[in-house]
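Inside the fold
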Amino acid sequence: MIGGSTVKRILIVGGGYAGFYAAWKLEKRLRSGEAALTVVDPRPYLTYQPFLPEVAAGSIEPRHAAVSLRRHLRRTRVVPGWVTNIDHEHRRVTVRPDLGPEFDLEYDVIVVTAGAVTRKFPVPGVASEAIGMKYVEEAVAIRDRLMTSFDRAAALPVGPVRQRLLTVTFVGGGFSGVEGFGETLSLANSLVRRYRRLHRSELRFHLIEASGRILPEVGEEPSRWVVRSLTDRGGQIHLDTKVVSAVDGHVVLSTGEEYDSGLIVWTTGNDANPVVRNHTDLPIGERGQIVVRPDLRVGTDAEPVADAWAAGDDAAVPDLAAEVPGGYVVQNAQNAFRQGKLLARNIAASLRGRPPKPYVHHSLGAVATLGIGNGIFQWHRIVVKGWPAWLMHRGYHVLAVPTWERKVRVFAGWVTQAMFGRDIVSLESVEHPREAFVSGGKPE
């Protein structure tokens, strides 16, 4: 009891950017005993997604792109599991753990920051063949698959099987797809020098985009420059093209082109989290996101929802900084972690009877890595290309990744790589850790 009132139970659904920062900053703002914090997430870490393309390319150690929730949220209860239902009327959520039955958690204040999921389309073969690039384990799998393919291809004669192993397909021309494509293409061009029996001309890297341009976050001229840059390095960019089928790795495009691909990476944007889309009594807008006010409280001025907040990919946050009113804040890391910080300030203010502040953020620009030594940056009409943009990308993100511990680890990894080059060891066998033990080292 504090001042005669019961300690508030604050439940945060999701430990991504917005959720992690909300909990992290609330721990610093709230006095001991003022509130009880709980974060529910199926993963015990925050994934710093802007680093995933470099994880896939071996430029960043995978664990350095993940921030441990338990290490840094020292006054917060971390509950591993998926929130499958939000019943705000009765102030409780249903949690499904990896093991054991579902259970309910009660709360006084809820913060929904569950994050989005990868948007999938009913394309035959995608569910069984493709890998996403939203989590660290996916980026690691992409890197290991590519490296293992090179090892296998080097032992084969020239032919269809060898060509399949040296063919990579990225679907989606947004930031994730273009950065992942550029970084893995850079890795492949570096790897091929280590194999005397392989030649750079054998590499086939395809980037498939359904619209007429890639990187819609930058202007048309910078977008065309990125296409030229990737093409000059051996990439094949397919615009106004869709994947019709990917059964057994055989890719069929809407243009009629067909080929076999040993690696397919699916990065076609975000979709609403299932619990937000289908399993909550909180108000949902036309875009499948939670309706929030500029101060990140759920509801509208006419129909407020008490004790409910939301931010990040799950929230339709009005964009007060836009020149044309009526729009919503772009869903990206830049906004999510700033919204998380504001959530902490506003929730603490609300608990103490003070009014919350609206979210207003002017974009710092768009920056993308296209492989070691190559990048693109745009802020309004200012465009930077090549090495300077790549350095800006690294500088910005090493400052933006949460906690000094992670900043130092990432920077130290870059220094080591600059001295000795990428680590090109594949650990794909970790997916089958008992195979060597069971077989005794003998081929079946």
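The paragraphs below set out a description of the structure included in this document. Quick caveat: nothing in here was measured; it's all calculated off a predicted structure.

Moving on: the pairing of strand 8 (residues 103-106). One ladder, built from four bridges, connects strand 7 (residues 92-96) with strand 8; its direction is antiparallel. Looking at the pairing, V95 lines up with F103 of strand 8. The turn joining strand 7 and strand 8, which pair antiparallel and follow one another in sequence, is formed by six residues; a positive phi near 95° is taken by G100.

Next up on the list: the sheet that holds strand 8. Whenever strands of a sheet pair, they do so through backbone hydrogen bonds, lying parallel or antiparallel. In space, the three strands of this open sheet follow the order 6-7-8, with antiparallel pairing throughout. Edge strands, defined here as strands with exactly one partner in the open sheet, are strand 6 (82-87) and strand 8. Taking the axes of each pair of neighbouring strands and ignoring which way they run, one obtains an average angle of 30° across the sheet.

What follows covers the sheet that holds strand 1 (residues 8-13). The strand order across the open sheet built from six strands is 5-2-1-9-21-20, with neighbouring strands paired in mixed fashion. The strands lining the two open edges of the sheet, one partner per strand, are strand 5 (76-80) and strand 20 (297-299). This sheet shows a mean twist of 30° between the axes of neighbouring strands, independent of strand direction. Bridge count for strand 9 (residues 109-112) against strand 21 (residues 304-310) is three bridges, and the pairing is parallel. Each residue of the ladder has a partner; that of V111, found in strand 21, is W309. On the sheet, helix 1 (residues 17-29) packs against strand 1, strand 2 (35-41) and strand 5 and is oriented at approximately 160° with respect to strand 2. Seen against the sheet, helix 10 (residues 333-351) touches strand 1, strand 2, strand 9 and strand 21 and runs at an angle of roughly 145° to strand 21.

Before going further, it helps to examine a nonpolar patch on the surface. A cluster of nonpolar side chains, namely F411, V415, M419 and F420, defines an oily patch on the protein surface of about 460 Å² accessible area. Summarising the element assignment, V415 is placed in helix 12 (residues 404-420).

The full count for this structure, using the stated rule, is 11 aromatic pairs. On the numbers, 5.8 Å between centres and 85° between planes, the contact of F20 with Y21 is edge-to-face. On the accessibility criterion, Y21 (4% relative accessible area) is buried. Their ring planes at 35° and their centres at 5.3 Å tell us that F20 and W24 sit as a pair that is tilted. With F20 and W24 both in helix 1 and four residues apart, the pair spans about one turn of that helix. Neither residue differs from the other here; F20 and W24 are each classed as buried. It is K25 that lies over the ring of W24; its NZ or CZ is 4.8 Å from the centre. If you follow K407 out to its NZ or CZ, it ends over the ring of W404, 5.6 Å from the centre.

Bringing the environment of L165 into the picture now. If you trace the backbone, L165 turns up in helix 6 (residues 160-165). Overall, the relative accessible area of 15% leaves L165 in the buried class. Note: C-alpha distance between L165 and A436 (271 residues apart in sequence) is 24 Å.

Moving on to a positive patch on the surface. Taken together, the side chains of R29, R345, R354 and K357 present a region of like positive charge at the surface. The topology assignment puts R354 in the loop between helix 10 and strand 23 (366-369). On the accessibility criterion, R354 (47% relative accessible area) is partly exposed.

Moving on, we come to the layout of surface pockets. In this structure, the second largest pocket encloses a volume near 630 Å³. Forming the boundary of the second largest pocket are 25 residues, of which I60, E61, P62, R63 and R143 lie nearest the centre. Broken down by secondary-structure element, the contributors of at least two residues to the lining of the second largest pocket are helix 5 (136-154) and helix 12. A per-class count over the lining of the second largest pocket returns 10 nonpolar, seven polar and eight charged.

About the cut-offs
- What you see as residue numbers is a count from 1 along each chain, following the sequence as written.
- Where local features are concerned, this predicted model is filtered to residues with pLDDT of at least 70; where side-chain atom pairs are given and counted, the filter is 80 or more; whole-chain, interface and lining totals use all residues.
- With hydrogens and water excluded, all non-hydrogen atoms of the structure serve as input to the side-chain values.
- Strand pairing requires that DSSP identify at least two bridges connecting the strands.
- Per the convention used, a helix needs a DSSP run of H or I reaching at least four residues, while a strand needs a run of E reaching at least two, with both numbered from the N terminus.
- Between the N-to-C directions of two axes lies an angle of 0 to 180 degrees, each axis being a line fitted to C-alpha atoms and, for a helix, fitted only over the stretch in contact.
- Two residues qualify as a contact provided that any one of their heavy atoms is within 4.5 Å of a heavy atom in the partner residue.
- Surface patches are drawn from residues lacking salt bridges whose relative accessible area is over 30%; two like charges belong together within 9 Å, two nonpolar side chains (Val, Leu, Ile, Met, Phe, Trp, Tyr) within 5 Å.
- Each accessible area is a Shrake-Rupley result for a 1.4 Å probe, and residues are judged covered by the shown protein chains and nothing else.
- What makes a salt bridge here is a side-chain nitrogen of Lys or Arg within 4 Å of a carboxyl oxygen of Asp or Glu, nothing more.
- Centres within 6.5 Å make a pair out of two Phe, Tyr or Trp rings, where for Trp the six-membered ring is used; the pair is then stacked when the planes are under 30 degrees apart, edge-to-face when over 60, and tilted otherwise.
- Buried, partly exposed and exposed residues are distinguished by accessible area as a fraction of the type maximum, computed with a 1.4 Å probe on protein chains only: under 20%, between the cut-offs, and over 50%, respectively.
- The rule is short: NZ of Lys or CZ of Arg within 6 Å of the ring centre and within 35 degrees of the ring normal puts a charge over the ring.
- The charge count includes Lys and Arg as positive and Asp and Glu as negative, but it does not include His or the ends of the chains.
- Charge coordinates come from a single atom per side chain, which is NZ of Lys, CZ of Arg, CG of Asp or CD of Glu.
- Definitions used throughout: a 1 Å grid over protein atoms alone; a cavity as a set of points that fits a 1.4 Å probe which cannot get out; a pocket as an open set with protein on both sides within 12 Å along at least five of seven lines; a lining residue as one with an atom within 4 Å of a point.
- Grid points are joined across faces, edges and corners, and a volume is the space filled by probe spheres set on the points.
- Charged residues are taken to be Asp, Glu, Lys and Arg, nonpolar residues to be Ala, Val, Leu, Ile, Met, Phe, Trp, Tyr, Cys and Pro, and polar residues to be all remaining types, Gly included.

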